[in-house]
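# A structural walkthrough
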Amino acid sequence: MIFDTESPELIPGFNKLIQHLKDLETQNKNLKEENERIKFKCERVTRLYEELDQKSDRIFSLLTDEQKKQI
């Protein structure tokens, strides 16, 4: 077995690998949270767009034929 006196570990680089994995887990958690926020915003924008589209259709149905031709 190799034993490093400066960094006591059985396998050189093992502690760095463990730290890298911990960093990746933290980064993954942050990305998941950001992803959830973005999904929520997208759903909200979609809902608002659909409401706007319905209102636009309603307004368009109230127009006379002459007004519709001008649009």
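Placed above this text is the structure.
A brief report on the enclosed structure follows.

Scoring rules and cut-offs
- Residues numbered from 1 in each chain as written.
- Predicted model: local features only at pLDDT ≥ 70, side-chain atom pairs only at ≥ 80, totals over all residues.
- Heavy atoms only, no water.
- Helix = DSSP H or I, 4+ residues; strand = E, 2+ residues; numbered from the N terminus.
- Buried < 20%, exposed > 50% of the residue type's maximum accessible area, 1.4 Å probe, protein only.
- Patch = residues over 30% accessible without salt bridge, like charges linked within 9 Å, V, L, I, M, F, W, Y side chains within 5 Å.
- Areas by Shrake-Rupley, 256 points an atom, 1.4 Å probe, with all protein chains shown as cover.
- Salt bridge = Lys/Arg side-chain N within 4 Å of Asp/Glu carboxyl O.
- Lys, Arg positive; Asp, Glu negative; His and termini not counted.
- Charge placed at Lys NZ, Arg CZ, Asp CG, Glu CD.

The helix and strand tally for the protein stands at 2 helices and 0 strands. By residue count, 1% of the 71 residues in the protein fall in the buried class.

Together, Glu50, Glu51, Asp53 and Asp57 make up a region of like negative charge exposed at the surface. Relative to the helices and strands, Asp53 is located in helix H1 (residues 14-62). With relative accessibility at 36%, the residue Asp53 sits in the partly exposed group.

Everything listed here is a matter of geometry and, on its own, says nothing about what the molecule does.
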